[in-house]
Amino acid sequence: QIKFGSIFLGKVPVHEEVHRCAGQIYGFKGCIRDFQVNHKELFIIDEALEGRNVENCNVPICDYHPCHNGGTCTSDEENWYCECPKLYTGKLCQFSTCDENPCGNGATCFPKSKRDAVCLCPYGRSGILCSDAINITQPSFSGTDVFGYTSFLACSKIPNITFYYEFRLKFQLANNQSALQDNLIFFTGQKGQGLNGDDFLELGLRNGRVVYSYNLGSGTATIISKPLDLTLNIHVIHLGRNLQKGWLKVDDQKNKTVTSPGRLVGLNVFSQFYLGGYREYTPELLPKGPRFKNGFQG
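Here the structure is a predicted model, which means the values were calculated and not measured. (Residues numbered from 1 in each chain as written. Predicted model: local features only at pLDDT ≥ 70, side-chain atom pairs only at ≥ 80, totals over all residues. Heavy atoms only, no water.)

Enumeration over the complete set of coordinates arrives at nine aromatic pairs. Ring geometry for F141 versus F296: centroids 6.2 Å apart, planes at 65°, classification edge-to-face. Pair noted here: F141 is in the loop between β8 (132–133) and β9 (153–155) and F296 is in the segment after β19 (294–295), with a separation of 155 residues, a long-range link. Given the relative accessible area of 10%, F141 is considered buried. Arranged with centres 5.7 Å apart and planes meeting at 90°, the rings of F171 and F296 form a pair that is edge-to-face. You can see F171 sitting in strand β10 (residues 164–171) and its partner F296 sitting in the segment after β19, a full 125 residues away along the chain. Of the two residues examined, F171 and F296, each falls in the buried class. (Phe/Tyr/Trp six-rings, centres within 6.5 Å; stacked < 30°, edge-to-face > 60°. Helix = DSSP H or I, 4+ residues; strand = E, 2+ residues; numbered from the N terminus. Buried < 20%, exposed > 50% of the residue type's maximum accessible area, 1.4 Å probe, protein only.)

Here four strands make up an open sheet; going across it, the order is β10-β15-β16-β17 and the pairing antiparallel. Unpaired on one side and paired on the other, β10 and β17 (256–259) mark the two borders of the sheet. Strand-to-strand twist of the sheet, defined as the mean angle between neighbouring strand axes without regard to direction, takes the value 10°. Here strand β16 (residues 245–250) pairs with β17 via four bridges, running antiparallel. Bridge assignment links K245 to a residue of β17, and that residue is T259. (Pairing = 2+ DSSP bridges. Axes fitted to C-alpha atoms, helices over the stretch in contact; angles between N-to-C directions.)

Here we take up the state of the cysteines. Counted under the stated rule, the structure contains four disulfides. Residue pairing for C67: its cysteine sulfur links by disulfide to C82, the two sulfurs lying 2.0 Å apart. Because the sign of the S-S torsion sets the handedness, a value of about -90° for the bond joining C67 and C82 places this disulfide among the left-handed ones. Placement of C67 in the loop between β2 (40–41) and β3 (72–75) and of C82 in strand β4 (residues 80–83) is noted, with a sequence separation of 15 residues between them. Residue C121 pairs covalently with C130 via a disulfide, S to S 2.1 Å. Measuring the twist about the S-S bond at about -90°, one finds the C121-C130 disulfide to be left-handed. Judged by relative accessible area, C130 falls into the buried class, the value being 0%. (Disulfide = S-S within 2.5 Å.)

This brings us to the nonpolar core. In this structure, Y165, Y212, I237 and L239 are the most contacted members of the largest nonpolar core, which totals 30 residues. Counting residues per element, the ones that place at least two in this core are β10, β11 (182–189), β12 (200–206), β13 (209–215), β14 (220–224), β15 (235–242) and β16. If we ignore the near neighbours within four places in the chain, the residues touching Y165 are L201, Y212, Y214, L239, G240, R241, W247 and L267. (Core = buried A, V, L, I, M, F, W, Y, C linked by side-chain atoms within 4.5 Å. Contact = heavy atoms within 4.5 Å.)

Position of P85 relative to the elements: it lies in the loop between β4 and β5 (108–111). Residue class for P85 comes out partly exposed when judged on its relative accessible area of 30%. Expressed as a C-alpha distance, the spacing of P85 and T72, which sit 13 residues apart in the sequence, is 8.3 Å.

Within the fold, S271 resides in the loop between β17 and β18 (273–275). Among the residues examined, S271 registers a relative accessible area of 13% and is labelled buried. In the structure, S271 is positioned 117 residues away from A154 in sequence and 9.5 Å away in space, judged by C-alpha atoms. Ignoring any residue separated from it by four or fewer positions in sequence, one finds S271 in contact with K157, T188 and G189.

The next subject is a nonpolar patch on the surface. A cluster of nonpolar side chains, contributed by F163, Y164, L243 and V265, occupies part of the molecular surface with about 350 Å² of accessible area. Within the secondary structure layout, F163 lies in the loop between β9 and β10. (Patch = residues over 30% accessible without salt bridge, like charges linked within 9 Å, V, L, I, M, F, W, Y side chains within 5 Å. Areas by Shrake-Rupley, 256 points an atom, 1.4 Å probe, with all protein chains shown as cover. Salt bridge = Lys/Arg side-chain N within 4 Å of Asp/Glu carboxyl O.)

A grouping of R209, K226, K254 and K256 is seen on the molecular surface, where their side chains present a positively charged patch. If you trace the backbone, R209 turns up in strand β13. For R209, a relative accessible area of 33% gives the class partly exposed. (Lys, Arg positive; Asp, Glu negative; His and termini not counted. Charge placed at Lys NZ, Arg CZ, Asp CG, Glu CD.)

Counting buried residues along β12, six of its seven residues qualify, which places the element largely inside the surrounding structure. Two elements, β11 and β12, share seven bridges in a ladder whose sense is antiparallel. The residue of β12 that forms the bridge with L184 is G204. Sheet analysis places β12 next to β13, joined by seven bridges and oriented antiparallel. Of the residues in β13, the one forming a bridge with L201 is Y214.

The structure is reproduced here in structure tokens:
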């Protein structure tokens, strides 16, 4: 039954008495982004009663213009990256070997080094230069290639999933252990900044379990299944969400539920629906969820 006083962030004012057991208190130097007590978020600036010598926090990395060849530098409080123009790639957009594009039939040429390039074939084409036509009736995803790109299908943005959705999926895994390790099955969301508050919906496999995550803008909700029964040839997933509450049913396992944190109830996504993988070479540009490292294999 103790009545506490104010919460001080950064340092305790000189005129405040501090219990001797606390020892010497020094002021914090740095940037504080989120402050949460139990499940309640405290809005640091709006709810502050008073303060002193507090400035705005800026990340100066992009002020140094690190990106080459017309790349655009983007940063948040934790990360930075270069968004490269076409025909350039690399951490600093420093590689360009696609000036004389060898790829055919609408394939995308990506430079991998100063001397090497790779052709990423569009849907319905295969081969080193994407010259072979193939008729696809049931898509087979090969996961992430040796260059770090995933195979994927991009569908139009799915309408009317703001407050409610249901997905049913049947799939067969490739016959190798890597298909169960860290693989993205599908994703849609607010891509680009990688912020904690970016809305997204994501399904994948990690360590032999199905992982289902979504963020409505106020925190990530995640459901992890039991390990898949590998004696089954075909696996069936049924998942959904109604407002904050989500559920996941995998094969014959029991239904699992979760409720997303915070007060927001709507999923606001603007991207296409990516199946099997993702368009970008760098998955860290995705919103901060599980961030699966590889594409689906199966």
